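Fold and geometry: a report
Given next are the chains, with one letter for each unit.
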Amino acid sequence: MTKVVVGAGSCGIAAGAQKVYDALHAALRDVSSAELKITGCNGMCFLEPIVDLYDGAGALTRLVRVSENDAARIAEAVKREDVSALADLVIDPEDALFLEKQTRIALRHCGVIDPEDVEDYERTDGYQAIRKVLSSMTPEEVIEQIKISGLAGRGGAGFPTWFKWNAARESAGDEKYLICNADEGDPGAFMDRAVIEGDPHGLIEGMLIGAYAIGAKEAIVYVRAEYPLAIRRLEKAIRQAEEKGYLGEHIFESDFSCKMRIKAGAGAFVCGEETALIESLEGSRGMPRLKPPFPAQAGYWHKPSNINNVETFANVAWILLHGGEAFAAMGTEGSKGTKVFALTGKIRRGGLVEIPMGKTLRDVIFDIGGGIRDGKTFKAVQMGGPSGGCIPASLLDTVIDYKALGATGAIMGSGGMVVMDEDTCMVGMAKFFLDFTAKESCGKCVHCRLGTKRMLEVLTRIADGNGKDGDIELLEELCASIKDGALCGLGQTAPNPVLTAIRYFRDEFEAHIKDKTCPAKECTALVSYAIDPEKCIGCTKCARGCPVHAIDGAVKQPHTIRADICIKCGKCAENCRFGAVEVR
Amino acid sequence: MDCSCSAAHSDLTLLSPVLDTYAGVKGSLITVLQKAQEIYGYLPQDVLEHIAQRMEIPAAKILGVATFYTQFRLKPVGKYLIQLCKGTACHVNNSDLIEKTITETLGIHDGETTEDGLFTLKNVACLGCCSLSPVMMINAETYGSLTPDKTREILRTLAQNAEKGATV
């Protein structure tokens, strides 16, 4: 019997996994020795769609970049129990190292089990941690194990999980809530989506343990609406868990009862902030509350509530099964365990990477991610999204640790790592993030609402070549007042992308302001287009495609661009097959 | 909510099962608005007023919530809703060029709908498919690793499908 497993996370499906699945379903109809299954994202997004073949002995052959046209020969190979004819699809050994170099705890089931099959989860120690907890541990003992593990909030702030659990436990009252923050709003981070899509029962089990620890009878998962597949799989998993008795009354015949429901977000970045999330759960505009009181004292409907991120919960069942010490054995003095990063941008091997804390940025980007693609040079890595910053090449040996990353001016954040090469303009990057925060500011605090808008205006004029002396200092001043004047964590950290860009790439800002040039040649207003007469063969394609007829030249003669007419739309560069159009 | 632009009357009975379930449930306003939008395709004014009456929530608060979250629309959208990802990874991989291609091909900017009512363009924050950037989602389908040519091809195919009367 061969198990044929198609990786069907959102990204796999976008790359064509559903078509591959459908084609395999048809092709394998008559092959009785095959079982077709799906699994979540294994994190090797750069190789999607992926099909794993497990033979009778469990040995794995991994096929990558599979197309629906390959289904017939895959079925044939499965039937013959001989995969030698699929050699061209088998993963390159060097690419396979991407997974082999990782240590997977939060992602332990992603890409391994079928997320829609609770029995698949049960076969991998599923629901054994909550069984152990309910049969042999007090809530205090659970919190103690989490304390020993050193687990800290993986959503960005890095606050010790045990402390929050303990505070909610010690709060007076019978009615308490456990909430999972799955409003993964950080652009460039998608580990929470992968966990929910790939291991929804793992999340449910982690939340159950948390609910038991704080004394909650109701658990809520706040998922962003942009993740329809995650919502569907989690709904299915909750139904299965209810049927199996893992959710509901007297779980494992104990006194512990807990129900769980999903609340779909409606699209607001600020709802990743826990008090804004609570407002949204209550049906209001997601505007942050003043703290204290903290949610542990007065959260959802002003009852004691505890909110953790998806990845935090994904570690919990593992910690309770293996003990807090096993988790704490990994990592650094101040940051324990592993962390998942979403590696994207101009990287050769992009995807999800889970490694123990204490590795360096270089390990992740170059050793695992394979460095920059297309032979370009590494320029910076953006970490922490709109609350983080860009870390330059000189700091690539920075250790992955909350404190060490914080010292660079960026933050660990939720784990987005967007890699940039020499073609990315840092003024443009700062402008991109301010455009984001200005749009997403909830409007409650003046400094955030207006400050980000003013900063965006300054950055826009710098990028447009209208920057003035003193603009950098003006930006710094605005940054300082937003940090001081904003109520919530997202507002206070909104200036970080600009501050780090100025700190490490000040010369680029000055080039824009003083020399009116964009060193990365990205800011349209500051570049010009020209045709290299050596490379141009006079095919006329660029001239025919130019919307403003700014290109002159006879057939088979080098063409020229009239700068006074050119609108810098880039169409000629897009159309030229000889690379003759240069951006200067 | 005083508006003279439309005297359209929505079929409010369609919303009755939703309101029967949720009208009395504390904190369920966003869920009700989401379900209303699923039914009508957007949030018409008379529907919002009806929700206000049934849930006994001030209409001003409902409009406040409906305008706060990007998911909610106060105007109808085209048959194909293009959600173009403007997340960091897509930005680094030139999603601006894809936006320009869509604008040139369809003649619409962010938030606008084509005159034939076929396409609406909406820029969104991260769709979470960063490794396939640049990405867009059209109705329920996600398209990754976009180039200007690929984008034009997708839009052309959808327009042809619409002519033939098919859906996505």
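Residues numbered from 1 in each chain as written. Chains lettered and ligands numbered in written order. Predicted model: local features only at pLDDT ≥ 70, side-chain atom pairs only at ≥ 80, totals over all residues. Heavy atoms only, no water.

**Overview of the domain arrangement of chain B**
- When the domains of chain B are assigned, the result is domain 1 (12-68) and domain 2 (80-164).
- Summarising the inter-unit geometry, the C-alpha centres of domain 1 of chain B and domain 2 of chain B are found 30 Å apart. (Domains from an automatic or database assignment.)

**Some remarks on the side chain of H109 of chain A**
All names here are of chain A.
- Among the secondary structure elements, H109 is positioned in the loop between α4 (93-100) and α5 (118-122).
- Looking at H109, its side chain comes within polar contact range of the side chain of D199, at 3.0 Å.
- Residues in contact with H109, not counting those within four places in the same chain, are Y121, T124, G198 and D199. (Helix = DSSP H or I, 4+ residues; strand = E, 2+ residues; numbered from the N terminus. Polar contact = N/O pair within 3.5 Å; in protein donor to acceptor, adjacent residues only side chain to side chain. Contact = heavy atoms within 4.5 Å.)

**Examining the side chain of H91 of chain B**
- Counting through the fold element by element, H91 of chain B comes out in helix α5 (residues 88-92).
- If near-sequence neighbours (up to four positions away) are discounted, H91 of chain B is found in contact with G428, M429 and F432 of chain A together with D96 of chain B.

**Some remarks on the state of the cysteines**
Residue and element names in this part refer to chain A.
- According to the stated counting rule, one finds zero disulfides over all chains in the structure shown.
- For C445, which is in no disulfide, the shortest distance to another cysteine sulfur is to C442 and amounts to 6.4 Å.
- This cysteine, C542, is not joined by any disulfide, and C536 carries the nearest cysteine sulfur, 6.0 Å off.
- Since its relative accessible area comes to 11%, C542 is described here as buried. (Disulfide = S-S within 2.5 Å. Buried < 20%, exposed > 50% of the residue type's maximum accessible area, 1.4 Å probe, protein only.)

**Digging into the sheet that holds strand β2 (residues 119-124) of chain B**
All names here are of chain B.
- Pairing in this open sheet of four strands is mixed, and the strands run β2-β1-β3-β4 from one edge to the other. Every interior strand has two partners, whereas the edge strands, β2 and β4 (141-143), have only one. Taken pair by pair, the neighbouring strands of this sheet meet at an average axis angle of 20°, ignoring direction.
- Where helix α6 (residues 95-106) meets the sheet, it contacts β1 (80-85), β2 and β3 (136-138), and its direction lies at approximately 155° from that of β1.
- The sheet contacts of helix α7 (residues 148-164) involve β1, β2, β3 and β4, and relative to β3 the element is tilted by about 5°. (Pairing = 2+ DSSP bridges. Axes fitted to C-alpha atoms, helices over the stretch in contact; angles between N-to-C directions.)

**Let's talk about the domain arrangement of chain A**
- In terms of domains, chain A is made up of domain 1 (2-93), domain 2 (118-328), domain 3 (338-421), domain 4 (426-515) and domain 5 (528-583).
- Distance from the C-alpha centre of domain 1 of chain A to the C-alpha centre of domain 5 of chain A: 45 Å.

**Regarding the interface of chain B and chain A**
- Of the residues lining the interface, 39 residues belong to chain B; the matching set on chain A comes to 51 residues.
- Taken over both partners, the interface formed by chain B and chain A buries close to 3400 Å², and the fraction arising from carbon and sulfur atoms is 57%.
- Sorting the residues of chain B by area buried against chain A places F68, T88 and V92 of chain B first, and these three jointly supply 19% of that buried surface.
- Where chain B touches chain A, the interface holds two salt bridges.
- Where R152 of chain B meets E574 of chain A, a salt bridge forms, and the shortest distance between an N and an O atom there is 2.9 Å. (Buried area = accessible area lost by both parts, 1.4 Å probe. Salt bridge = Lys/Arg side-chain N within 4 Å of Asp/Glu carboxyl O.)

**A few points about helix α21 (residues 496-515) of chain A**
Residues and elements named next belong to chain A.
- Its maximal kink placed at F505, α21 deviates by approximately 95°.
- When we look at burial in α21, the residues that qualify are N496, P497, V498, T500, A501, I502, F505, E508, F509, A511, H512 and I513.
- Looking at the buried positions of α21, the neighbouring elements they touch are β11 (378-383), β12 (389-392), α17 (426-440), α18 (446-463), α19 (471-485) and α20 (489-493). (Bend = angle between axes of the 7 residues up to and from the residue.)

**Comments concerning the sheet that holds strand β2 (residues 34-39) of chain A**
All names here are of chain A.
- Here we have four strands laid out as an open sheet, ordered β2-β1-β3-β4, and mixed in their pairing. Of all strands in the sheet, those with a lone pairing partner are β2 and β4 (60-63), marking the two edges. Each strand axis lies, on average, 20° off the axis of its neighbour in the sheet, ignoring direction.

**With respect to unusual backbone geometry**
Residues and elements named next belong to chain A.
- Across the junction of E48 and P49, the peptide omega takes the value -10°, indicating a cis bond.
- Following K291, the chain continues into P292 via a peptide bond in cis, with omega recorded as -10°.
- Here P292 is to be found in the loop between α12 (274-281) and β8 (305-309).
- One non-glycine residue, K516, lies in positive phi territory at about 55°.
- Take K516: it is sitting in the loop between α21 and β14 (529-531).
- Residues other than glycine seldom take positive phi values, yet H549 does so here, at roughly 50°.

**Some words on the packing of aromatic side chains**
All names here are of chain A.
- This model, assessed by the stated rule, comprises 16 aromatic pairs over all chains.
- Pairing F269 with F436 gives two aromatic rings, centres 4.9 Å apart and planes at 75°, and the pair type is edge-to-face. Of this pair, F269 sits in the loop between β7 (259-264) and α12 while F436 is found in helix α17, placing the two residues 167 residues apart along the sequence. Accessibility classification places F269 together with F436 in one group, the buried group.
- For the ring pair F432 and F433, a centre distance of 5.0 Å and an interplane angle of 75° mean the geometry is edge-to-face.
- A residue is classified by how much of its surface remains accessible, and F432, at 10% relative accessible area, is buried.
- Aromatic rings pair up to connect Y121, Y127, Y246 and F252 into one cluster. (Phe/Tyr/Trp six-rings, centres within 6.5 Å; stacked < 30°, edge-to-face > 60°.)

**Points about the environment of M137 of chain B**
- Assignment of secondary structure puts M137 of chain B in strand β3.
- The spacing of M137 of chain B and K100 of chain B is 37 residues in sequence and 16 Å in space, taken between C-alpha atoms.
- If we skip the residues at most four places from it in the chain, M137 of chain B touches P228 of chain A together with L81, I82, Q83, L127 and T142 of chain B.

**A closer look at the confidence of the model for chain B**
- Confidence in the prediction for chain B averages 91 pLDDT; 93% of positions are at 70 or higher.
- Our summary of model confidence lists the complex with pTM equal to 0.94 and ipTM equal to 0.91. (pLDDT = per-residue confidence, 0-100.)

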